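Understanding the architecture of this molecule
Now for the letters of each chain:
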Amino acid sequence: MSLNRRGFLGLTSGLAVVTLAGCGSNATSASSTPRTGGRLRAAFAGGGAKEVLDPHLANLFVEAARSKAMFDKLADLGGDVSPQPRLAEKWEPNADLTRWRITLREAVFHDGRPVRAQDVLASYARILDPNRAFRAKSSLALIDLPNSRAVDDRTVEFALKRPFAEFPNALAAFGAYIVPEGAEDFTKPIGSGAFSFVSFEPGRSVLLKRNPAYWEGAPLLDELEFVIANEESARTNALLGGQVEYAHDLTPTTARSHASGDRMTIHRSPNSAVQAFAMKVDRPPFDNRDLREALFLLADRPQLVESVLAGSGQVGNDLFGKGYQHYADLPQRQRDLDRAKFLIRKAGAEGLVVKLDTSTAAAGMVEAATVFADQAKGSGLTIEVVQGNKDSYWADTLKNGSLSSFRSGAMPIETHVAQRLLSGSGTNVTKWARPEFDALYEKAVSTSDATARTRAYQEMQRVLHTEGGYLMWGFADWIVGAKPNVGGISTAPANTLDWARFDKVWLG
C-alpha cells in the first residue's frame, strides 16, 4: 500500500494514565500576526463524482483534508508520528493491557448535541460492520466490541481481543472519525470539527464555515473552501493567478522555480513519504542474503534524492520512519561498489538479469528505478526496468516478481511492522516471515514498559537493516504552495494531524 497523488494511506505514548494537550508545530510564512476573518480557498486534486463526504469512506487527499476539517478522531498522529489525544482527553489501560478506559473531552457536534461515549461506540461499530469496507476496519479489528461499554456519557471502556500496548495508534488510524450515533446520510454532514458544512458540488468545491463552539477554540478563518484542480500545473496557476490561496501537492520543480520569488511561499513537510525498492526474500534471487546486501551497497542514495526528488528530501537508511517515535538511528549505509561486486560473485549472481517492476502509480517511481538500474552498471548484475499497469500495480507487486518500486506515507513504526513485516501481515510485499521477529513484535506490544518497548522496536530495526528486503533510499518532502499573506501552515509530515490543517491558518 502507498501514499500517492490520489490515494492516502492511513492509519506508545507512555502508559499508565496519559493526559496530553493537542499539539502541533506550525511553520508560518512571512505573513502578519495571526488575525481572524476571510475565506481561504484551497486547491486539491479530486475524484469527480466519486468524491464523498462520509469520513469513514475518505480515500483521496482532498477527502482526508475535508474530513479533518469537519470531524474529529479520539487521537491523531503528532509530528513524530506518535498518537496525540484529540476527542480523547486521556486514556488508561488496565494492568494486562486488555481493557482501555477513554475519557472524552467536553465537545459538541455542529447541531449542538454533546459528543457522547455512545457516539464513539456507534462510530466504531459502523466501521467494523462485517458487510462494509472502511479503511479503519483493520486497525480497529482488535477491539472486542460486544464486551466494550459506555461507562457514562464521557467514558468509554474498550475491551481488546489481546493485550496491546499501542492501542492509541488504533485510535489515530486513518478514517477512525467519530460521527453522531445513527449517522448514515452525509449529504449535509454533522461532525465535531473546527468547520461545519455549508455546501458541496461534487468534483468542484466544498464550502465550510467556522465552528465557534469548537472544543480547541474557533478557527481564525471565517470560511474554508476546497476547490478541485486535478493537474499540478492548474493548482500552481490558480495560486499565481489569485483564484486560490493554497495549492496542495506541488512538484519539487515547481518549488525550485518559485522558492526565491514573491508570488508564492513554499512550505515543505519533511519525512512525508518513504521511497524504496522492495526485494522478496522468500524466492530467488533475493532469498540470498549476500545479494540483498549487494543491492543495499549499490544504491547511491544522495544521487537518488537529488535526481529523483530534485533535492526535496532526505537520504534514507533502509529503515522506515526516519525521525518518528522509536526510530533506530543506525550508522548510515553508503555506496560501496567493490564490496557489492564481491557479494554478487559470492552469491553466484554475476551476469544475472533482475527485473525491477515499477509504474507511474506513485510519482517518481519510474525515474528512481531508471537511476538505480544505471547505478548497478558495472557491478556484474543487470537491472532491467519493467513498467507495469498503474491501476493494478500494488496488487500485482504484492504477489508477483522479486524486485519492485515501493512508496509509503507516514504511519507509526509499529503500524508499519504490523501491516508489512509480520508472517501474517496482509501487505507484506517483501515476504519477510521470521518467527523470532514476530516474537519481538509481540513482546513490544504486550509490555507496559515504554523503555522495553522501544528496545524491542530498535532490535527489530537492527535485524531489518542487516537482513531485510526494503532498500529505503529516501524520504520525500511533501510540498504545498500558498500566497505570501497566508500564515499558520504546518510543516508536519503528510498523514499526520497538522498536515492540511486549516483551523490554525490565517489570512494576513
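How each quantity is defined
- Residues numbered from 1 in each chain as written.
- Predicted model: local features only at pLDDT ≥ 70, side-chain atom pairs only at ≥ 80, totals over all residues.
- Heavy atoms only, no water.
- UniProt positions renumbered as here; feature names shortened; annotations may be inferred.
- Core = buried A, V, L, I, M, F, W, Y, C linked by side-chain atoms within 4.5 Å.
- Buried < 20%, exposed > 50% of the residue type's maximum accessible area, 1.4 Å probe, protein only.
- Contact = heavy atoms within 4.5 Å.
- pLDDT = per-residue confidence, 0-100.
- Pairing = 2+ DSSP bridges.
- Helix = DSSP H or I, 4+ residues; strand = E, 2+ residues; numbered from the N terminus.
- Axes fitted to C-alpha atoms, helices over the stretch in contact; angles between N-to-C directions.
- Left-handed = near helix turned anticlockwise from the far one by under 90°.
- Nonpolar A, V, L, I, M, F, W, Y, C, P; charged D, E, K, R; others polar.
- Salt bridge = Lys/Arg side-chain N within 4 Å of Asp/Glu carboxyl O.

Looking up the protein in an unreviewed UniProt entry gives the name ABC transporter substrate-binding protein, with the organism given as Lentzea miocenica. Its UniProt record gives the protein a comment under Sequence similarities (unreviewed entry), which states: "Belongs to the bacterial solute-binding protein 5 family."

Things to note about the nonpolar core
Residues Leu 40, Phe 44, Leu 74, Phe 158, Phe 167, Phe 226 and Phe 502 are the most contacted members of the largest nonpolar core, which totals 109 residues. Those residues in contact with Phe 502 that lie beyond four places of it in its chain are Leu 40, Ala 42, Phe 44, Phe 195, Leu 221, Leu 224, Phe 226 and Tyr 246. Judged by nonpolar contacts, the second largest core, of 32 residues, contains Ala 294, Ala 299, Ile 344 and Ala 476.

A few points about the confidence of the model for the protein
Taken as a whole, the protein shows an average pLDDT of 92; of its residues, 94% reach a score of 70 or greater. Predicted confidence for residues 1-30 stays below pLDDT 50, and this span has 127 contacts to residues more than four positions away or in other chains.

A short note on the pairing of strand S12 (residues 205-210)
With 6 bridges connecting them, strand S11 (residues 195-201) and S12 associate as antiparallel partners. Counterpart to Phe 197 in the pairing with S12 is Leu 208. Between S11 and the antiparallel strand that follows it, S12, lie 3 residues; Gly 203 among them carries a positive phi value of about 80 degrees. Two strands pair when backbone bridges link them, and S12 and strand S13 (residues 223-228) are joined in this way by 5 bridges, in the antiparallel orientation. Its bridge partner lying in S13, Leu 208 is registered against Leu 224.

Some thoughts on helix H1 (residues 61-70)
Buried residues dominate H1, accounting for 10 of its 10 residues. Listed as buried for H1 are Phe 61, Val 62, Glu 63, Ala 64, Ala 65, Arg 66, Ser 67, Lys 68, Ala 69 and Met 70. Tucked into the core, H1 has its buried residues touching strand S2 (39-44), strand S10 (177-178), S11, S12, S13 and strand S20 (470-482).

Focus: the packing of helix H8 (residues 301-308) against helix H10 (residues 365-375)
At a closest axis distance of 10 Å, the pairing of H8 and H10 adopts a crossing angle of 145 degrees. In this structure, H8 crosses over H10, and the sense of that crossing is right-handed. The segment H8 lies against H10, with Gln 303, Leu 304, Ser 307 and Val 308 engaging Glu 367, Ala 368, Val 371, Phe 372 and Gln 375. Looking at the contact of H8 with H10 residue by residue, the class counts come to 5 nonpolar, 3 polar and 1 charged.

Some details on the pattern of salt bridges
As enumerated under the stated definition, the model contains 36 salt bridges in all. Among the ionic pairs, Arg 154 bridges to Glu 106, the shortest N-O distance being 3.6 Å. Of the two residues, Arg 154 is situated in the loop between strand S8 (149-152) and strand S9 (155-159) and Glu 106 in the loop between strand S7 (99-104) and helix H2 (117-127); the sequence distance between them amounts to 48 residues. Arg 154 sits in the partly exposed class, given a relative accessible area of 29%. By relative accessible area, Glu 106 is classed as exposed at 67%. Of the charged contacts in the structure, one is a salt bridge between Arg 126 and Glu 184, with a shortest N-O distance of 3.0 Å. With a gap of 58 residues between them, Arg 126 in helix H2 and Glu 184 in the loop between S10 and S11 connect regions that are remote in the sequence. Here Arg 126 falls in the buried class, since its relative accessible area comes to 8%. Classification of Glu 184 as partly exposed rests on a relative accessible area of 44%. Because the salt bridges share partners, they merge into one network encompassing Arg 86, Glu 216, Asp 498, Arg 501 and Asp 503.

Focus: the environment of Lys 341
Counting through the fold element by element, Lys 341 comes out in helix H9 (residues 337-346). Looking at Lys 341, the relative accessible area reads 28%, which means it is partly exposed. A C-alpha to C-alpha distance of 57 Å links Lys 341 and Ser 148, two positions 193 residues apart in sequence. Apart from the residues lying within four places of it in its own chain, the contact partners of Lys 341 are Gly 378 and Ser 379.

Quick notes on the environment of Leu 421
Along the chain, Leu 421 falls in the loop between helix H12 (413-420) and helix H13 (435-445). Excluding residues within four positions of it along the chain, Leu 421 makes contact with His 416, Asn 428, Thr 430, Trp 432, Phe 437, Asp 438, Leu 464 and Tyr 470.

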